[in-house]
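Structural features, examined
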Amino acid sequence: QIQLVQSGPELKKPGESLKISCKASGYTFTDYAMQWVKQAPGKGLQYMGWINTQTGKPTYTDDFKERFVFSLETSASTAYLQINNLKNEDTATYFCARRDYNNYGFAYWGQGTLVTVSS
Amino acid sequence: DIRMTQSPASLSASLGETVNIECLASEDIYGDLAWYQQKPGKSPQLLIYNANTLQNGVPSRFSGSGSGTQYSLKINSLQSEDVATYFCQQYNNYPPTFGAGTKLELK
């Protein structure tokens, strides 16, 4: 079955960096783009952007153009989200997600990675 | 970006009751709308796509409707396992955008 499995929770200090992984299984990794979504504590869902898993080209929404990097390790069917120069407002759960074959809803989600930024 | 206004923000209902959640888009999204259910500590689950198509495995008590800028999610015969937060999402225009969510609780 299709699964997206993310790396575990992170506790970081402001100014540090981190890299979250999202390992896909159950399908051909390069057939579908990988999406990234942020959810701050007690808040709604904020779309961060996506990465083309065939070319590796990332696309970021305006709020995530500065310190955020999407990347791939195609041989390992894994997508990564790197956040540089962490700020308190980066405290959130980050999800990877994938659309279904027949619609543009996000049918498959990782379990989420909780990132806590605190001095 | 298209703004999605969801209402109500919270809702309290009894078991067996029918519940309606509304989503208003800031412009026509031509039916390119999804509904998600999210339980505490879990990932969102896709319930409905294309405004009214039930995702595989989703109980038939969930239904979606609407067109243009106005959409709704209906839950018939509310069950205890339906306690969750519900989000709408448009994917007609990039970037996809979500409503702020409706928290559904049992009365």
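The structure this text deals with has already been given above.
Summarised in this report is the structure supplied together with it. (Residues numbered from 1 in each chain as written. Chains lettered and ligands numbered in written order. Predicted model: local features only at pLDDT ≥ 70, side-chain atom pairs only at ≥ 80, totals over all residues. Heavy atoms only, no water.)

Looking only at helices and strands, chain B features zero helices and eleven strands. In sequence order, the secondary structure elements of chain B are arranged as β-β-β-β-β-β-β-β-β-β-β. Computed over the C-alpha atoms, the radius of gyration of chain B is 13 Å, within 12% of the 13 Å expected from 2.2 N^0.38 for a compact globule of 107 residues. Each principal axis of the C-alpha atoms in chain B carries an extent, and together these give about 35 × 25 × 25 Å. Per-residue burial for chain B yields a buried fraction of 47% across its 107 residues. In chain B, once contacts between residues fewer than 6 apart in sequence are set aside, the share between residues at least 24 apart is 56%. Looking at charge distribution, chain B has the averaged site of its 7 positive side-chain charges lying 9 Å from that of its 9 negative ones. (Helix = DSSP H or I, 4+ residues; strand = E, 2+ residues; numbered from the N terminus. Rg over C-alpha atoms; globule rule 2.2 N^0.38 Å. Buried < 20%, exposed > 50% of the residue type's maximum accessible area, 1.4 Å probe, protein only. Contact = heavy atoms within 4.5 Å. Lys, Arg positive; Asp, Glu negative; His and termini not counted. Charge placed at Lys NZ, Arg CZ, Asp CG, Glu CD.)

Now for the sheet that holds strand β1 (residues 4-7) of chain B. Residues and elements named next belong to chain B. If you walk across this open sheet you meet the four strands as β1-β3-β8-β7, and the pairing is antiparallel. Edge positions in the sheet fall to β1 and β7 (62-67), since each has one partner strand and no second. Strand-to-strand twist of the sheet, defined as the mean angle between neighbouring strand axes without regard to direction, takes the value 15 degrees. (Pairing = 2+ DSSP bridges. Axes fitted to C-alpha atoms, helices over the stretch in contact; angles between N-to-C directions.)

All names here are of chain B. For the structure shown, the criterion picks out five salt bridges over all chains. A salt bridge links arginine 61 to aspartate 82; the nearest nitrogen and oxygen atoms lie 2.7 Å apart. In this pair, arginine 61 sits in the loop between β6 (53-54) and β7 while aspartate 82 sits in the loop between β8 (70-75) and β9 (84-90), placing the two residues 21 residues apart along the sequence. The exposure class assigned to aspartate 82 is buried, which follows from its relative accessible area of 1%. Through salt bridges with shared partners, a single network forms among Arg61, Glu81 and Asp82. (Salt bridge = Lys/Arg side-chain N within 4 Å of Asp/Glu carboxyl O.)

Let's shift gears to the packing of aromatic side chains. As enumerated under the stated definition, the model contains twelve aromatic pairs over all chains in all. Geometrically, the ring pair formed by Tyr60(A) and Phe70(A) is tilted, given 4.5 Å between the ring centres and 40 degrees between the ring planes. With a gap of ten residues between them, Tyr60(A) in strand β6 (residues 58-60) and Phe70(A) in strand β7 (residues 68-73) connect regions that are remote in the sequence. A relative accessible area of 19% means that Tyr60(A) is categorised as buried. Aromatic side chains Trp109(A) and Tyr36(B) sit 5.8 Å apart centroid to centroid with 85 degrees between the ring planes, which places their arrangement in the edge-to-face category. With one member in each of two chains, Trp109(A) in strand β10 (residues 103-109) and Tyr36(B) in strand β4 (residues 33-38) form a pair that bridges those chains. According to the relative accessible area criterion, Trp109(A) is buried, its value standing at 11%. Residue placement shows Lys19(A) over the ring face of Tyr80(A); its charged tip is 4.8 Å from the ring centre. (Phe/Tyr/Trp six-rings, centres within 6.5 Å; stacked < 30°, edge-to-face > 60°. Lys NZ or Arg CZ within 6 Å of the ring centre and 35° of its normal.)

For the rest of this paragraph, the subject is the pairing of strand β1 (residues 3-6) of chain A. Residue and element names in this part refer to chain A. Covered by surrounding structure in β1 are Leu4 and Gln6 only, the residues Gln3 and Val5 on the alternate face being uncovered. The pairing of β1 with strand β3 (residues 18-25) spans four bridges and is antiparallel. Within β3, the residue paired with glutamine 3 across the bridge is serine 25.

Taken together, the contact pairs 20 residues of chain A with 17 residues of chain B. Counting each side, the surface lost to burial between chain A and chain B is near 1,500 Å², with a carbon and sulfur contribution of 62%. Broken down residue by residue, the surface that chain A buries against chain B is led by Leu45(A), Tyr47(A) and Trp109(A), which jointly contribute 34%. Seen at the junction of chain A and chain B, the total is zero salt bridges. The tally of links from chain A across to chain B stands at five residue pairs in polar contact (both at pLDDT 80 or more). (Buried area = accessible area lost by both parts, 1.4 Å probe. Polar contact = N/O pair within 3.5 Å; in protein donor to acceptor, adjacent residues only side chain to side chain.)

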